[in-house]
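# A structural walkthrough
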Amino acid sequence: MSSKHTINIRGEIIDLSSPKVMGIINVTPDSFFIDSRRSVVSDVLERAEQMLDEGATFLDIGGYSSRPGAEDISVEEELRRVIDPIEVIVERFPEAIISIDTFRSEVARKAIDAGASMVNDISGGQLDTSMLVSIAEMNIPYIAMHMRGTPQTMKNLTDYEDPLNEIVKYFSSVIHDCNRLGIKDVIIDPGFGFAKTSEQSFEILSKLDHFHRLDKPILVGLSRKSMIYRTLNLTAEEALNGTSVLNSIALLKGASILRVHDVKEAAEAIKLISKLS
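Residues numbered from 1 in each chain as written. Predicted model: local features only at pLDDT ≥ 70, side-chain atom pairs only at ≥ 80, totals over all residues. Heavy atoms only, no water.

### Considerations on the packing of aromatic side chains
Quick reminder of the rule: Classification of ring pairs uses Phe, Tyr and Trp, with its six-membered ring standing for Trp, and accepts pairs whose centres are within 6.5 Å; under 30 degrees between planes counts as stacked, over 60 as edge-to-face, and the remaining range as tilted. Between buried and exposed lies partly exposed: a residue is buried under 20% and exposed over 50% of the maximum accessible area for its type, with that area taken using a 1.4 Å probe on protein chains only. Numbering of helices and strands runs from the N terminus, with a helix taken as a DSSP run of H or I at least four residues long and a strand as a DSSP run of E at least two residues long.
Tallied over the entire structure, the rule returns three aromatic pairs. Measuring from ring centre to ring centre gives 5.2 Å for Tyr 170 and Phe 171, while their planes differ by 70°; the resulting arrangement is edge-to-face. The buried category is assigned to Phe 171, whose relative accessible area is 0%. When the centroid spacing of 6.2 Å and the interplanar angle of 80° are considered together, the rings of Phe 171 and Phe 211 count as edge-to-face. Of this pair, Phe 171 sits in helix α5 (residues 163-181) while Phe 211 sits in the loop between α6 (198-206) and β9 (219-220), and the two are 40 residues apart along the sequence.

### A short note on the nonpolar core
The condition that has to hold: Each nonpolar core is a collection of buried residues, namely Ala, Val, Leu, Ile, Met, Phe, Trp, Tyr and Cys, held together in the definition by side-chain atoms within 4.5 Å. Contacts: residue pairs with any heavy atoms within 4.5 Å of one another.
Grouped together as the largest cluster of nonpolar side chains are 71 residues, with contacts concentrated most on Ile 89, Val 119, Tyr 142, Phe 211 and Val 220. The biggest single contributor to this core is α5, with eight residues. Dropping the residues within four chain positions of it, Val 119 is found in contact with Ser 99, Ile 100, Thr 102, Ala 108, Ile 112, Met 131, Ile 135, Ile 140, Pro 141, Tyr 142 and Ile 143. Counting residues in hydrophobic clusters, the runner-up holds twelve residues, among them Ile 7, Ile 9, Met 22 and Ile 257.

### Structural notes on helix α3 (residues 105-114)
If you check which residues of α3 are buried, you get Ser 105, Val 107, Ala 108, Ala 111, Ile 112 and Ala 114. In this structure, the buried side of α3 is in contact with α2 (75-92), β5 (97-101), β6 (118-121) and α4 (131-138). Directly after α3, the chain includes Gly 115, whose backbone phi takes a positive value near 130°.

### Notes on the side chain of Ser 223
We apply this condition: Polar contacts here mean pairs of N or O atoms no more than 3.5 Å apart (in protein, one a potential hydrogen donor and the other a potential acceptor; neighbouring residues in sequence count only if both atoms are side-chain atoms).
Within the secondary structure, Ser 223 sits in the loop between β9 and α7 (226-229). Look at Ser 223 and you get buried, because its relative accessible area is 3%. Here His 261 takes part through its side chain, which lies 2.7 Å from a polar atom of the side chain of Ser 223.

### Here we look at the packing of α2 against α3
Filter applied, for reference: Axis lines are fitted to C-alpha atoms, over the contacting stretch for helices. Their N-to-C directions set the angle, which ranges from 0 to 180 degrees. In what follows, roughly perpendicular refers to angles from 65 to 115 degrees, roughly parallel to angles under 35, roughly antiparallel to angles over 145, and oblique to any angle outside these ranges. A clockwise turn of the near helix away from the far one marks a right-handed crossing, whereas an anticlockwise turn of less than a right angle marks a left-handed crossing. Note that Gly is not counted as nonpolar here; it falls among the polar residues with everything else outside the nonpolar set of Ala, Val, Leu, Ile, Met, Phe, Trp, Tyr, Cys and Pro and the charged set of Asp, Glu, Lys and Arg.
Axis separation between α2 and α3 bottoms out at 9 Å; the angle between their running directions is 20°. By the angle between their axes, α2 is roughly parallel relative to α3. Judged by the sense of rotation from one axis to the other, the crossing of α2 with α3 is right-handed. For the pair α2 and α3, contact is made by Val 75, Glu 78, Leu 79, Val 82, Ile 83, Ile 86, Glu 87 and Val 90 and by Glu 106, Val 107, Lys 110, Ala 111 and Ala 114, respectively. The class makeup of the residues in the contact of α2 with α3 is nine nonpolar, no polar and four charged.

### Some points on the pattern of salt bridges
Which entries qualify depends on this criterion: Think of a salt bridge as a Lys or Arg side-chain nitrogen and an Asp or Glu carboxyl oxygen that are within 4 Å of each other.
According to the stated counting rule, one finds 13 salt bridges in the structure shown. Between Arg 81 and Glu 77 there is a salt bridge, with the nearest N and O atoms lying 2.9 Å from each other. Of this pair, Arg 81 and Glu 77 both sit in helix α2, four residues apart, which is roughly one turn of the helix. Overall, Arg 81 belongs to the buried group, its relative accessible area being 15%. Glu 137 serves as the salt-bridge partner of Arg 109, at 2.2 Å between the closest nitrogen and oxygen. Placement of the pair is Arg 109 in helix α3 and Glu 137 in helix α4, with a sequence separation of 28 residues.

Shown next as structure tokens:
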């Protein structure tokens, strides 16, 4: 169902008409999913190697926890967490495509200098007015997510009249700004769980194909989220099966990238669903 889209990663064309997997490597002390936390360089390398072996096209490195109510940290602390992991992954796995998960343009620039190739911004440029200009100047792909407020306030900002259309309108504005600045490769992420109740997130997933009107690749980040484990009365550690179910639905509705903690299972879902077309 997805359109044929490509993105340019430092001269390499990545075809997203065949869905890809983005592996999550959190270098934070408080990620909601304990097994995704990596703070020692050897642990980061081990996790990166496993994800690449299991079929990840992208590795998403994040040093700022965006779980609801997470502690705000300084730019300096975020940089301290992410730069070394990026550098060691690039040195060990030079073909790896690294995404920096940040909403701060200073972190984005320094991460790209360290070897990252794209930016994953939970705020879609709303929390740092310099972000889109920086993306345009660096000429890199940009993932824009929908969120209201900040990780500290978003759980109180879930009042929508029409969630789907309001999010489409938000992305239309972000894409317009990106076009104006000359940003060529934009990927959209509806932001499941970010300033959205579980019910709203399920509604958005059920209507994910509506986002194709924006003619941009869609990234879906459902991995082990509370909409899964609270619905099933489980913990995040027990939510792998539920994640695979919802990822499969997202693929059937045209998702181009699955952002996950568990690469092997996501890659298997892509392979199986590809047999249906």
